[in-house]
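Architecture at a glance
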Amino acid sequence: MNREDFPLLSELVYGKLLVYLDNAATTQKPRQMLDAMTDAYLHRNANIHRGVHHLSQVATEKHEQARQRVADFLGARSAKEIVFTKGTTDSLNMLAFSFGEAFVREGDEIIVSQSEHHSNIVPWQMLCERKNARLRVLPLDDSLRIDASQLENLFNERTRIISVAHVSNVLGCIEPVEEIIRIAHSRNIPVCIDGAQSAPHLPIDVQALDCDFYACSAHKMYGPTGLGVLYGKEQWLEQLPPAEGGGEMIEHVRFDKTTYNQLPYKFEAGTPDFIGSCAFAAALDYLDFIGRKQICEYENSLTAYLENRLAEVEGVRIYSRGTEKAGAVSFNVYHDDRLLHPFDIGTLLDRQGIAVRTGHHCAEPLMDYLGIPGTVRASLALYNDRQDVDALIKALRIAAEMLR
Ligand code: PMP
């Protein structure tokens, strides 16, 4: 799908045309987004919000339009609910700190799941250490999806927030976030969704989901690196203190008392990425131009093809096989009962021009749960096709044969 829009996909790796299957780590960029970034630097490079001069005003306007674009893309009620951050990790750290300051006391509890990315574990764990609170872990079911039915067992009057991924970055499975949100809200507990792996693949509507917070990264959505989003319902964001101090986030600064800016600026200390935001808006335009429903359907069918083709390879074990997936498939190759190390598989695939990711994928607690050192993960984007999958399978057979 629209492969020609992505210049990097014409690169050769070891003399072969690159087969890029590491999209869960980061996506390649469409020319439209690159052009928007160049255009912003060429024509609107001036620091925003504070300037009276023309260039600054134009840059400010474009940045705020980009914020509105993100709000529309995610289905937020208002652009006030869109905080620009450096990425999902930054969003989750900001939320954990800020929410923790406002609402978490000694003995309180926070719930995450067994399969979370480290970015959705460690910030909450750090908060728990700071506040002497307790991190509780929602288990997985037999198919390795988060087991929402276990939520009732974990809840008590000390539960303050739940934070779970929408789509597992390792397994690719779509988690039962609607159910988690419904159960949590019946107890007035807010839910944060780590959307790093859902925003690139699924049409997202935060109002329909009814999540209280949602975090995502532009670079995984065909946008620029170093930019992300923390969506929060206005009534929650209003109650949270800023996580960082500096310019932009203040209303007035006096040595005896500083007052803070209105939403969303009180969470955006320092010069924002006003170039990246414009480029991000162009990436979102690109996604909507192709059609998010179309992308989702296309990727679904390609993911099913990938799973089926992988299953044909001798010794392959696919994790969370058969669950509804969004883009990523994790597997290992065994010879008799011996694991062919994922790192070796990845290296041999690379030599054949295939880029996949191997290792623990920043989800060590999940690897411990599965009792494995890591997996091989092939992750898809809208520009991948069956030829890419076929190339992976061919190379995988060769790699496995060499290691047996
Ligand atoms: N959560 C999940 C589920 C992810 O896949 C990732 C990226 N691998 C992150 C959080 C962190 O995203 P970033 O590195 O862009 O901050």
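Everything discussed here concerns the structure shown above.
Parameters at a glance
Residues numbered from 1 in each chain as written. Predicted model: local features only at pLDDT ≥ 70, side-chain atom pairs only at ≥ 80, totals over all residues. Heavy atoms only, no water. Helix = DSSP H or I, 4+ residues; strand = E, 2+ residues; numbered from the N terminus. Rg over C-alpha atoms; globule rule 2.2 N^0.38 Å. Buried < 20%, exposed > 50% of the residue type's maximum accessible area, 1.4 Å probe, protein only. Contact = heavy atoms within 4.5 Å. Areas by Shrake-Rupley, 256 points an atom, 1.4 Å probe, with all protein chains shown as cover. Lys, Arg positive; Asp, Glu negative; His and termini not counted. Charge placed at Lys NZ, Arg CZ, Asp CG, Glu CD. Near = heavy atom within 4 Å. Polar contact = N/O pair within 3.5 Å; in protein donor to acceptor, adjacent residues only side chain to side chain. 1 Å grid on protein atoms, 1.4 Å probe; cavity = no way out; pocket = protein on both sides within 12 Å on 5 of 7 lines; lining within 4 Å. Sits in = over half its atoms within 2 Å of the grid points. Nonpolar A, V, L, I, M, F, W, Y, C, P; charged D, E, K, R; others polar. Arc of directions from axis to C-beta. Pairing = 2+ DSSP bridges. Axes fitted to C-alpha atoms, helices over the stretch in contact; angles between N-to-C directions. Phe/Tyr/Trp six-rings, centres within 6.5 Å; stacked < 30°, edge-to-face > 60°. Salt bridge = Lys/Arg side-chain N within 4 Å of Asp/Glu carboxyl O. Core = buried A, V, L, I, M, F, W, Y, C linked by side-chain atoms within 4.5 Å.

What follows concerns the overall build of the protein. Assigned secondary structure in the protein consists of 13 helices and 18 strands. In terms of overall size, the protein behaves like a compact globule, its C-alpha atoms giving a radius of gyration of 22 Å where 404 residues would be expected to give roughly 22 Å. Per-residue burial for the protein yields a buried fraction of 57% across its 404 residues. Contacts in the protein between residues at least 24 apart in sequence constitute 70% of all its contacts with a sequence separation of at least 6. Here the protein displays about 16800 Å² of accessible surface, and carbon together with sulfur accounts for 49% of that area. The protein carries 41 positive and 55 negative side-chain charges, and their two centres are separated by 1 Å.

This next bit is on the site of the ligand. In the region of the ligand, the neighbouring residues are Thr88, Thr89, His117, Ser119, Asn169, Asp194, Ala196, Gln197, Ser217, His219 and Lys220. Side-chain polar atom of Asp194 to a nitrogen atom of the ligand: 2.6 Å apart, as the coordinates give it. Contact with the protein chains removes 85% of the 400 Å² of surface that the ligand exposes when unbound. When atom positions are compared with the pocket grids, the ligand is found to occupy the largest pocket. Class assignment for the residues of the shell around the ligand results in one nonpolar, eight polar and two charged.

This part takes up helix α4 (residues 122–131). Three or more residues of α4 are buried, namely Pro123, Trp124, Leu127 and Cys128. Down the axis of α4, the sector holding all buried residues measures 140 degrees, keeping them to one side. Looking at the buried side of α4, the elements it contacts are α3 (88–103), β5 (109–113), β6 (134–138) and β7 (159–165). Trailing α4 by a residue or two, Asn132 shows a phi angle of about 60 degrees, which is positive.

What follows is about unusual backbone geometry. In this chain, Leu263 is followed by Pro264 through a cis amide linkage whose omega measures 0 degrees. Within the element layout of this structure, Pro264 appears in the loop between β12 (258–260) and α9 (274–290). One non-glycine residue, Tyr14, lies in positive phi territory at about 50 degrees. Counting through the fold element by element, Tyr14 comes out in the loop between β1 (12–13) and β2 (16–17). Overall, Tyr14 belongs to the partly exposed group, its relative accessible area being 44%.

Take the sheet that holds strand β10 (residues 228–232) next. Reading across from one edge, β4-β10-β9-β8-β7-β5-β6 is the order of the seven strands in this open sheet, with mixed pairing throughout. Each of the sheet's edge strands pairs with one partner strand only, and the pair in question is β4 (82–85) and β6. The average undirected angle you get between the axes of adjacent strands in this sheet is 20 degrees. With three bridges connecting them, β5 and β7 associate as parallel partners. By the bridge assignment for β7, Ile110 is matched with Ile161. With respect to the sheet, helix α6 (residues 177–185) is in contact with β6, β7 and β8 (191–194), its orientation differing from that of β8 by roughly 165 degrees.

On to the side chain of Ser56. Note on placement: Ser56 falls in helix α2 (residues 54–74). We classify Ser56 as buried; its relative accessible area is 0%. A distance of 2.8 Å separates a polar side-chain atom of Ser56 from the backbone oxygen of Asn47. The contact partners of Ser56, leaving out residues within four places of it in the chain, are Ala46, Asn47, Ile48, His49 and Gly51.

This part is about the packing of aromatic side chains. Summed over all chains, the structure comprises nine aromatic pairs. For the pair Phe99 and Phe103, a centre-to-centre distance of 5.0 Å together with 45 degrees between the ring planes defines the contact as tilted. Of this pair, Phe99 and Phe103 both sit in helix α3, four residues apart, which is roughly one turn of that helix. Given the relative accessible area of 24%, Phe103 is considered partly exposed. Seen in terms of ring centroids, Phe103 and Trp236 are 5.4 Å apart; in terms of plane orientation they differ by 85 degrees. Their pairing is edge-to-face. With a gap of 133 residues between them, Phe103 in helix α3 and Trp236 in helix α8 (residues 234–237) connect regions that are remote in the sequence. On the basis of relative accessibility, which here comes to 16%, the residue Trp236 falls in the buried class.

Turning to the pattern of salt bridges, a few remarks are in order. Tallied over the full model, the rule gives 26 salt bridges. Notably, a salt bridge pairs Asp39 with Arg44, separated by 3.2 Å at the nearest N-O pair. Arg44 sits in the buried class, given a relative accessible area of 11%. With its nearest N and O atoms 3.4 Å apart, the salt bridge here joins Lys233 to Asp212. Pair noted here: Lys233 is in the loop between β10 and α8 and Asp212 is in the loop between α7 (206–209) and β9 (213–217), with a separation of 21 residues, a long-range link. Like Lys233, the residue Asp212 is buried in the burial classification. One salt-bridge network, in which partners are shared between bridges, spans Arg69, Asp285, Asp288 and Arg292.

Let us now look at the nonpolar core. By size, the foremost hydrophobic cluster in this structure holds 71 residues, and its most contacted members are Leu74, Ile162, Ile180, Tyr214 and Leu382. Among the elements that line this core, the one with the most residues is α9, at seven residues. Non-local contacts of Ile162, meaning those with residues more than four positions away in its chain, are made with Ile111, Leu151, Phe155, Ile180, Ala184, Ile189, Pro190, Val191 and Cys192. By size, the runner-up hydrophobic cluster in this structure holds 26 residues, among which are Leu349, Ile354, Leu392 and Ala400.

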